[in-house]
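What the coordinates show
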Amino acid sequence: MNKKAESSSYFSDTYFPEGSPLINVLNASHHGKGGLHGHSFYELVFVEQGYTLHVCEGVTSILTSGDIFIIVPNQNHNYINANHAKIYNCLISPEVMESLKADLIELPGIGRLYQSDPEPPFERLHCDMASKAEIISLLEKLKTEYKTMGEGYELKMKSMLAEIMVIYARLHATAERAAGENTSNMGQIMTAIEFIESNCTRDVLLDEIAEASGLSSSHLTRQFKLSIGLTPIEYSRSFRMAKAAELLRDMSLKVSDVSKAMGFTDISLFSRQFRQITGMS
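Rules of the game
Residues numbered from 1 in each chain as written. Predicted model: local features only at pLDDT ≥ 70, side-chain atom pairs only at ≥ 80, totals over all residues. Heavy atoms only, no water. Helix = DSSP H or I, 4+ residues; strand = E, 2+ residues; numbered from the N terminus. Polar contact = N/O pair within 3.5 Å; in protein donor to acceptor, adjacent residues only side chain to side chain. Axes fitted to C-alpha atoms, helices over the stretch in contact; angles between N-to-C directions. Parallel < 35°, antiparallel > 145°, perpendicular 65-115°, else oblique. Contact = heavy atoms within 4.5 Å. Expected span 1.5 Å × (residues − 1). Buried < 20%, exposed > 50% of the residue type's maximum accessible area, 1.4 Å probe, protein only. Core = buried A, V, L, I, M, F, W, Y, C linked by side-chain atoms within 4.5 Å. Disulfide = S-S within 2.5 Å. Pairing = 2+ DSSP bridges.

Quick look at the side chain of N199 now. Tracing the chain through its elements places N199 in the loop between α6 (183–198) and α7 (206–213). Separated by 3.3 Å, the side chains of N199 and R202 make a polar contact.

Dropping the structure here:
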């Protein structure tokens, strides 16, 4: 594992060569640790399968299949301990986003994308099955238009991107309504997350998490899975290994030091669990 994280920047001219469309869709697979990087363009990311820990401007979250988010220019982000994550990267030039601004800016969740310092800095939305299928279909059509560049391709690509943005806005509005209707549950889920993260140096039991949250084990698991995309125990194990991965980047620490710091008495058990979660030694 590479213990030193270096930031890099990706620029528009690399991904939008002269004469090419200003919207480009790429497929990527992530396994293990990526590199910290930023872009001079917008990046809409859709997670097709797998999961990964993701860091953007200090906000850490676990991404799972069906998650969608948008990185604005000059934001730094990174994928950590990805587990066979397959994603779509829709790269969008600032010129295209500016051309759609008048139509998009009033939609829920879109206005922040036009801020130089978005508030909140990062937002992850989760798609239902219908939205997931619709987004994948539109992204694949964008890929085809990029390759063929038939008559009117620029207008067609913009219209398909606008469709994706409308789906994003509707997902945002649905999430806001759900949060408003289930404020008490969301508070208890956040309490569960805080408990898990503050006890990441030991094994925690589902009953402990449930007791801390004030929900029954079964209800917590159901609501947690709906909100986060993982069960409480899956989140606990992934977060624990993510913290271990952060420590492993410190060149002064041995693997045995990290194992001990994360509450493991058996280094071989730590190594096995780390490989299970991250896919790497």
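Quick look at unusual backbone geometry now. Residue E119 is joined to P120 through a cis peptide bond whose omega torsion reads 0 degrees. With respect to the helices and strands, P120 occurs in the loop between α3 (101–104) and β8 (125–126). The backbone of N74 shows a phi angle near 75 degrees, a positive value even though the residue is not glycine. Position of N74 relative to the elements: it lies in the loop between β6 (67–71) and β7 (77–92). Non-glycine residue M149 carries a positive phi angle of around 45 degrees. Note on placement: M149 falls in the loop between α4 (129–148) and α5 (153–181).

What follows covers the packing of helix α8 (residues 217–228) against helix α9 (residues 232–248). Across the interface, α8 lies against α9 with an axial gap of 8 Å and an inter-helix angle of 60 degrees. Between α8 and α9, the interaxial angle falls into the category oblique. For the pair formed by α8 and α9, the contact residues are L220, T221, F224, K225 and I228 on the first element and P232, E234 and Y235 on the second.

Here the focus is the environment of R272. The residue R272 is located in helix α11 (residues 267–278) in this model. C-alpha separation for the pair R272 and F46, spaced 226 residues apart in sequence, amounts to 30 Å.

What follows is about α9. Given a rise of 1.5 Å per residue, 17 residues ought to cover 24 Å, and the 24 Å separating the end C-alpha atoms of α9 matches this to within 8%. Along α9, the residues classified as buried are P232, Y235, S236, S238, F239, R240, M241, A242, A244, A245 and L248.

What follows deals with the nonpolar core. I68, C90, I92, L139, L142 and M165 are the most contacted members of the largest nonpolar core, which has 35 residues in total. Sorting the residues of this core by element identifies β2 (23–32), β4 (42–56), β6, β7, α2 (94–99), α4 and α5 as the ones contributing at least two each. Broken down by element, this core gets its largest block of residues, ten residues, from α5. If sequence neighbours within four positions are ignored, L142 has contacts with I23, V25, C90, M157, M160 and I164. By size, the runner-up hydrophobic cluster in this structure holds 32 residues, among which are Y51, F224, L230 and A245.

To continue, consider the state of the cysteines. On inspection of all chains with the given rule, the structure shows zero disulfides. Not engaged in a disulfide, the cysteine C127 finds its nearest cysteine sulfur in C90; these two sulfurs lie 13 Å apart.

Among the 15 residues of β4, twelve are classified as buried, and the element is accordingly described as predominantly covered. Relative to β6, β4 is paired through four bridges, and the arrangement is antiparallel. Residue pairing in the sheet places F46 in a bridge with I68 of β6. Two elements, β4 and strand β5 (residues 59–64), share six bridges in a ladder whose sense is antiparallel.

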